[in-house]
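One letter stands for each residue in the lines below.
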Amino acid sequence: MASTQTPSAIAAPRSPYARRRTTRGNYELYSWVFMRASGVVLVVLIFGHLFVNLMVGEGVHAIDFAFVGGKWSSPFWQVWDLLMLWLAMIHGTNGVRTIINDYAQKDSTRGVLKVLLYLAFTIVVVLGTLVIFTFNPCPPGAPAELLPSICFSN
Amino acid sequence: MWSWVAHRVTGVLIFFFLLVHILDTALVRVSPEAYNAVIGTYQTPIMGLGEAGLVAAIVFHAFNGIRVILVDFWAKGPKYQRTMLWVVVGLFVVTMAGFLPRHLMNVFGGGH
């Protein structure tokens, strides 16, 4: 070993271990916590959603415009579906982001996939939120037999 | 390891269904006719089987997700992770046994 390095260039042994301060923030930690917290809430929200829409009454056959209109005329289901929309989309987008980071090795591939993912997230969440808040269960001019019963009370 | 793979696969499947499902529901804002036309295609036998598969994916992802949380936060979680996988499988079978007959009756029996 013909090293020309002087001994003084090597760190002194037993120097106390100092944890390097990360410059990246705690983003990954928060995302890990969010997956668990939102997961628990989503189990309740989605099981409730599936039970009411697929198990009660005629199940999937009962779903039509009048069914959705009847549900969304109640603030309870509006809040339920809005929470489900946001939590599920953030949970799902974060999960797919993790998978992209794991399997897409080229920087450019990873970048393109994540841009597409965030674009889909933004479009779908904005659209879904607008629909829940601007939805009219009794649109004027629509055939009466397609509308929920609340359009005809009083 | 295989439960981890299954968690990823079901997660991606559910995510893509979610994107489609929000877009089709958004049709209520277009017109009752547009929404009913599209949702009508969900009520065919083939889509009914797809819905059964989707619910199976959601039920597994939900129960296995709870197991992951218990492994992470419960002191004895790592020790019982294998037992908990069998609990997940058991709960999955029970839940699907409750759901499938009801759903398949709605899809293939009576209805419209």
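Data block above holds the structure.
What you see is a predicted model, and the numbers here were worked out from it, not measured in a lab. (Residues numbered from 1 in each chain as written. Chains lettered and ligands numbered in written order. Predicted model: local features only at pLDDT ≥ 70, side-chain atom pairs only at ≥ 80, totals over all residues.)

**Some words on the overall build of chain A**
Part 1 of the argument: In terms of regular secondary structure, chain A is built from 4 helices and 0 strands.
Part 2 of the argument: Listed N to C, the secondary structure of chain A is α-α-α-α in terms of helices and strands.
Part 3 of the argument: Taking 2.2 N^0.38 as the reference for a compact globule, 154 residues should give roughly 15 Å; the C-alpha atoms of chain A span a radius of gyration of 26 Å, well beyond that estimate.
Part 4 of the argument: For chain A, the spread of C-alpha atoms along the three principal axes comes to 95 × 30 × 25 Å.
Part 5 of the argument: Each of the 154 residues in chain A was classed as buried or not, and the buried ones make up 16%. (Helix = DSSP H or I, 4+ residues; strand = E, 2+ residues; numbered from the N terminus. Rg over C-alpha atoms; globule rule 2.2 N^0.38 Å. Buried ≥ 20, exposed ≤ 12 C-beta atoms within 10 Å, placed from the backbone.)

**Observations concerning the interface of chain B and chain A**
By a frequent convention, interface size equals the accessible area lost on bringing the separate parts together.
Part 1 of the argument: Between chain B and chain A, the residue contacts involve 36 residues of the former and 33 residues of the latter.
Part 2 of the argument: If you tally residues by element for the side of chain B that touches chain A, the top one is helix α1 (residues 2-25) of chain B, at 10 residues. (Contact = placed C-beta atoms within 7 Å.)

**Thoughts on the nonpolar core**
Part 1 of the argument: Membership of the largest hydrophobic core comes to 17 residues, with the highest contact counts inside it found for A:L85, A:A88, B:I58, B:V59 and B:F63.
Part 2 of the argument: For this core, the secondary-structure elements that each account for two or more residues are α1 (27-55) and α3 (75-103) of chain A together with α1, α3 (45-73) and α4 (81-108) of chain B.
Part 3 of the argument: For this core, the element with the highest residue contribution is α3(B), accounting for 5 residues.
Part 4 of the argument: Dropping the residues within four chain positions of it, A:A88 is found in contact with A:L42 and B:L18. (Core = buried A, V, L, I, M, F, W, Y, C linked by C-beta atoms within 7 Å.)

**Some details on the packing of α3(A) against α1(B)**
In a pair of packed helices, the angle between the axes and the distance between the axes together describe the arrangement.
Part 1 of the argument: Taken N-terminus to C-terminus, the directions of α3(A) and α1(B) make an angle of 135°; their axes are 10 Å apart at the nearest point. Put simply, α3(A) runs oblique to α1(B). Of the two possible hands of crossing, α3(A) and α1(B) adopt the one that is left-handed. Between α3(A) and α1(B), the residues in contact are A:L85, A:A88, A:G92, A:G95, A:V96 and A:I99 and B:R8, B:G11, B:V12, B:I14, B:F15, B:L18 and B:I22, respectively. (Axes fitted to C-alpha atoms, helices over the stretch in contact; angles between N-to-C directions. Parallel < 35°, antiparallel > 145°, perpendicular 65-115°, else oblique. Left-handed = near helix turned anticlockwise from the far one by under 90°.)

**Examining helix α4 (residues 107-134) of chain A**
Part 1 of the argument: Its 28 residues give α4(A) an end-to-end C-alpha distance of 40 Å, which sits within 8% of 40 Å, the value for a rise of 1.5 Å per residue.
Part 2 of the argument: Along α4(A), the residues classified as buried are A:V124, A:G128 and A:V131. (Expected span 1.5 Å × (residues − 1).)

**With respect to the packing of α3(B) against α4(B)**
Residues and elements named next belong to chain B.
Part 1 of the argument: Running from N to C, α3 and α4 point in directions that differ by 155°, and their axes come no closer than 9 Å. On the basis of their axis angle, the class for α3 and α4 is roughly antiparallel. In this structure, α3 meets α4 at a crossing whose hand is right-handed.
Part 2 of the argument: Among the residues making up the contact of α3 with α4, the classes are represented as 19 nonpolar, 5 polar and 2 charged. (Nonpolar A, V, L, I, M, F, W, Y, C, P; charged D, E, K, R; others polar.)

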